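# Secondary and tertiary structure notes
Read off the chains here:
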Amino acid sequence: MPARNEFVDHVVETLRAFGAVTVRRMFGGWGVYRDGVFFALIARDILYLKSDAGNAAQFDRQQLEPFEFEKGGEVIVTSYRRAPDEALEDPRVMARWAKSAYGAALRKEARKKQGRKKAV
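An account of the accompanying structure is given in this report. (Residues numbered from 1 in each chain as written. Predicted model: local features only at pLDDT ≥ 70, side-chain atom pairs only at ≥ 80, totals over all residues. Heavy atoms only, no water.)

## Things to note about unusual backbone geometry
Definition in use: Helix and strand assignments come from DSSP, with helices taken as H or I runs of at least 4 residues and strands as E runs of at least 2, each series counted from the N terminus. Three exposure classes are used, based on accessible area relative to the maximum for each residue type with a 1.4 Å probe and protein chains only: buried under 20%, partly exposed in between, and exposed over 50%.
At Asp 35, a residue that is not glycine, the phi angle is positive and equals roughly 50°. For Asp 35, the location among the structural elements is in the loop between strand E2 (29-34) and strand E3 (37-43). A relative accessible area of 66% places Asp 35 in the exposed class.

Now the structure itself:
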């Protein structure tokens, strides 16, 4: 597995104010986790944070674009949105954005668990 690069290390360091995170290689990029919950990804040296209906307005106000990739000739638009440049420069700002993204990831986990309960 390739070693983490300087950008990945910078993101991890900047997230310290938010709490301990781990990164795992995935799909040519990196997944960012807190307590086993996937809340951010790094692709092409860009940090993307989880968004949903609860925090999308934050991203919309700053016109932060979603992470997109091509699969089978189709463009897939994800619920991960680019982190603002300011967050990469200030750990306090990063902590606020990370908390918001982590909240979106936790809401998704709760919906998945709720769906499993209904299926039983």
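## Points about the environment of Ala 95
Condition: By definition, residues are in contact when any of their heavy atoms lie within 4.5 Å.
When you line up the elements, Ala 95 lands in helix H4 (residues 91-119). Separated by 41 residues in sequence, Ala 95 and Gly 54 place their C-alpha atoms 17 Å apart. When sequence neighbours within four positions are dropped, the list of residues in contact with Ala 95 reads Ala 17 and Phe 18.

## Some points on helix H1 (residues 6-14)
Rules: By definition, the arc is the one covered by directions from the helix axis to the C-beta atoms. Pairs of N or O atoms within 3.5 Å make up the polar contacts considered here, provided that, within protein, one atom can donate a hydrogen while the other can accept it, and that residues adjacent in sequence are counted only when both atoms are side-chain atoms.
Taken together, the buried positions of H1 are Phe 7, Val 8, Val 11, Val 12 and Thr 14. Relative to the axis of H1, the buried residues are bounded by an arc of 165° and lie together on one face. Measuring from the side-chain oxygen of the N-cap residue of H1 to the backbone nitrogen of Phe 7 gives 3.0 Å; that N-cap residue is Asn 5.

## Considerations on the sheet that holds strand E6 (residues 74-82)
Put simply, the test is: Think of it this way: DSSP has to see at least two bridges between two strands before they count as a pair. Axes here mean lines fitted to C-alpha atoms, for a helix over just the part in contact, with angles spanning 0 to 180 degrees between N-to-C directions.
Taken in spatial order, the six strands of this open sheet run E1-E2-E3-E4-E6-E5, and their pairing is antiparallel. The open sheet terminates on both sides in strands that have one partner only, identified here as strand E1 (22-26) and strand E5 (66-71). Taken over all neighbouring pairs, the strand axes of this sheet differ in orientation by 40° on average, direction set aside. Where strand E4 (residues 46-50) lies against E6, three bridges are found, and the strand directions are antiparallel. By the bridge assignment for E6, Lys 50 is matched with Tyr 80.

## Let's talk about the environment of Glu 13
One can find Glu 13 in helix H1. Spatially, the C-alpha atom of Glu 13 lies 21 Å from that of Gly 28, the residues being 15 residues apart in sequence.

## What about the pattern of salt bridges?
Rules: The working definition used for a salt bridge is a side-chain nitrogen of Lys or Arg within 4 Å of a carboxyl oxygen of Asp or Glu.
Applying the stated criterion across every chain, the model contains six salt bridges. Its salt-bridge partner being Arg 81, residue Asp 60 comes within 2.7 Å of it at the nearest N-O pair. Taken as a pair, Asp 60 in helix H2 (residues 56-61) and Arg 81 in strand E6 lie far apart in primary sequence, 21 residues in all. Asp 60 sits in the partly exposed class, given a relative accessible area of 45%. The exposure class of Arg 81 is buried, given its relative accessible area of 12%. Put simply, Asp 90 and Arg 92 hold a salt bridge, and the shortest N to O gap is 3.4 Å. According to the relative accessible area criterion, Arg 92 is exposed, its value standing at 60%.

Any functional reading would require information that these geometric values do not contain.
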